[in-house]
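What follows is the residue order along each chain.
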Amino acid sequence: MATEVLMPRQGQSVESCIIIGWNVKEGDTVTEGQPLCEVETDKATFEVEATASGTVLGIFYPDDADVEVLKVIAAIGEPGEDISALRPAEAAAAAPAPAAPVAEEPKVEAVAAPVTPVAASAGSTGKASPRAKKLAQKKGVDVSTLAGTGPQGRVIERDVAAAQAVVVTPAAQAKAQAEGLTVPDTGTGLGGRVTLADLMSVAPEDVAEVIATMDFSGAVTEIPVKGVRKVVAGRMQASLQNTAQLTLNSSVDARSILGYRKKCKAAPEEAGVGGITINDVVLYATVKTLMEFPELNAHMMGSKIVQFENVHLGVAVDTPRGLMVPVVRYANAMTLKQLSAETKRLAKACIDGTVDPDALTGGTFTVTNLGAMGIESFTPVLNAPEVGILGVCAIQPKPVMKGSDVEFVPHMGLSFTFDHCAADGAPAARFCASLRNKLAAFELTLAG
């Protein structure tokens with residue numbers, strides 16, 4: 001009897017996954033545990049493994065299909081077996097179909113020109129995913145009018161994103177009408193308004209045509225943007241477009257944390273503190289500081305700011321697949337040892353590719369550390385809707401006046417980015433000052 005391969009449930013918050021690409025084709029022989037395809041959620045990518053050894057009798061969804069969790073995506077068995085009973089009813093709809101006639105583009109109106117999403121079905125089914133409903137409410141889009149591209153015509157997040165209104169300035173609208181220019185989906189003006197400058201910009205397709213005529217010496221490699229890279233790119237771009245980010249750079253006397261780290265390394269093994277790192281120390285001090293500044297342990301949600309009683313700390317992790325940010329839940333309730341252990345557990349799961357997708361959501365503040373690479377200062381990008389992100393930099397000697405003499409003291413750089421829509425510069429600067437005080441006398445912070 002043929003064995004079904006299901007789209008796995010990658011955490012309780014994941015309702016569907018997009019198939020990035022298949023590693024096998026129908027008729028291939030596979031072994032149990034062999035990766036069949038790679039799928040992505042809105043947070044990470046994962047491999048779907050064969051549930052049995054045998055021949056791939058059917059692949060029910062193509063690349064780029066958005067498939068609900070626990071749906072059958074493939075079948076494995078002996079050649080000639082009947083798999084019609086395993087094939088999902090909507091799987092045929094997911095296969096590429098002849099292109100439908102495209103309606104004439106609406107002319108640019110005085111205020112806004114709606115963008116029509118590419119529909120997978122003839123009309124709206126009235127069904128929408130929770131994420132789609134949430135985005136629709138934020139963007140003011142009526143989901144009942146949209147034709148969904150999800151399973152069974154369900155409206156998903158990308159359908160709502162494609163349907164939001166394009167606001168055009170009067171000057172840009174007049175130029176677009178007079179010269180027959182295409183209005184971009186979003187602009188660089190206030191609130192995403194399309195301005196004259198946006199219409200005058202060189203379109204990406206025009207750039208591609210120019211590049212195609214150039215003669216580049218040497219080999220050229222094209223790398224598709226997908227998986228974690230695609231997820232990170234989308235989130236970073238959205239963060240910069242939708243927030244007013246400002247970065248404050250400062251440094252802190254690192255002698256206290258370096259001395260404490262030295263004591264931990266020299267401590268007896270049974271003390272269990274030998275693995276505590278400088279990064280763990282910074283995380284602990286950051287959590288303590290956030291408890292004093294709830295306005296920075298918050299989310300900016302458009303018309304409201306949501307502050308959190310507890311700190312759920314996101315920690316940026318460099319993995320072979322790209323950047324991931326697991327979240328340490330209730331970090332404010334942990335000791336330094338507990339915080340260190342949980343951070344290492346989550347980082348290892350990210351690197352091994354076994355992290356639960358639910359562990360990549362729900363952060364209230366993020367810390368990212370580039371100090372090990374020798375970076376002295378940088379501009380961290382907000383993990384929106386979070387209000388703040390702390391960048392940890394390298395430890396470098398800094399000249400400090402001591403009387404009439406100059407002493408070189410090790411200092412660690414700190415780069416703090418915050419959303420100026422949610423917080424002003426003075427509170428952000430006070431947060432940095434308090435954090436520096438806690439790090440400069442870390443053993444006193446532990447005693448507090």
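Coordinates for the structure precede this section.
Just so it is clear, the structure is predicted and the values come from calculations on it, not from any experiment.

### A few points about the nonpolar core
The nonpolar side chains of a soluble globular protein tend to be buried with one another. Counting residues in hydrophobic clusters, the biggest one holds 83 residues, and the most contacted among them are Ile73, Leu313, Met412 and Leu439. By residue number, the principal contributor to this core is helix H9 (residues 278–290), which donates eight residues. Aside from chain neighbours lying at most four places away, what touches Ile73 is Val5, Leu6, Met7, Trp22, Cys37, Val48, Gly58, Ile59, Phe60, Tyr61 and Val67. The next biggest cluster of nonpolar side chains, apart from the first, holds seven residues, and it includes Ala128, Leu135, Leu146 and Val160.

### What about the packing of aromatic side chains?
For the coordinates displayed, the defined rule picks out seven aromatic pairs. On the basis of an interplanar angle of 65° and a centroid distance of 5.2 Å, the ring pair of Tyr260 and Phe442 is categorised as edge-to-face. Remark: Phe442 occurs in helix H12 (residues 442–447) and Tyr260 occurs in helix H8 (residues 255–266); sequence separation between them is 182 residues. Residue Tyr260 shares its accessibility class with Phe442, and that shared class is buried. Measuring from centroid to centroid gives 4.8 Å for Phe416 and Phe431, while their planes differ by 35°, and the two rings are tilted. Separated by 15 residues along the polypeptide, Phe416 in strand E20 (residues 405–419) and Phe431 in helix H11 (residues 425–440) bring together distant segments of the chain. Comparing Phe416 with Phe431 shows no difference in burial state: the two are buried. Ring pairing ties together the aromatic residues Phe293, Phe365, Phe416, Phe418 and Phe431, which thus form one cluster.

### Some words on the pattern of salt bridges
Considering all chains together, one arrives at nine salt bridges under this definition. Lys263 is paired through a salt bridge with Glu443; the nearest N and O atoms lie 2.9 Å apart. Taken together, the residues Lys263 in helix H8 and Glu443 in helix H12 connect sequence positions 180 residues apart. The exposure class of Lys263 is exposed, given its relative accessible area of 51%. The class of Glu443 is partly exposed, set by a relative accessible area of 40%. A salt bridge links Asp352 to Lys348, with the shortest nitrogen-to-oxygen separation between them at 2.7 Å.

Criteria and thresholds
Residues numbered from 1 in each chain as written. Predicted model: local features only at pLDDT ≥ 70, side-chain atom pairs only at ≥ 80, totals over all residues. Heavy atoms only, no water. Core = buried A, V, L, I, M, F, W, Y, C linked by side-chain atoms within 4.5 Å. Buried < 20%, exposed > 50% of the residue type's maximum accessible area, 1.4 Å probe, protein only. Helix = DSSP H or I, 4+ residues; strand = E, 2+ residues; numbered from the N terminus. Contact = heavy atoms within 4.5 Å. Phe/Tyr/Trp six-rings, centres within 6.5 Å; stacked < 30°, edge-to-face > 60°. Salt bridge = Lys/Arg side-chain N within 4 Å of Asp/Glu carboxyl O.

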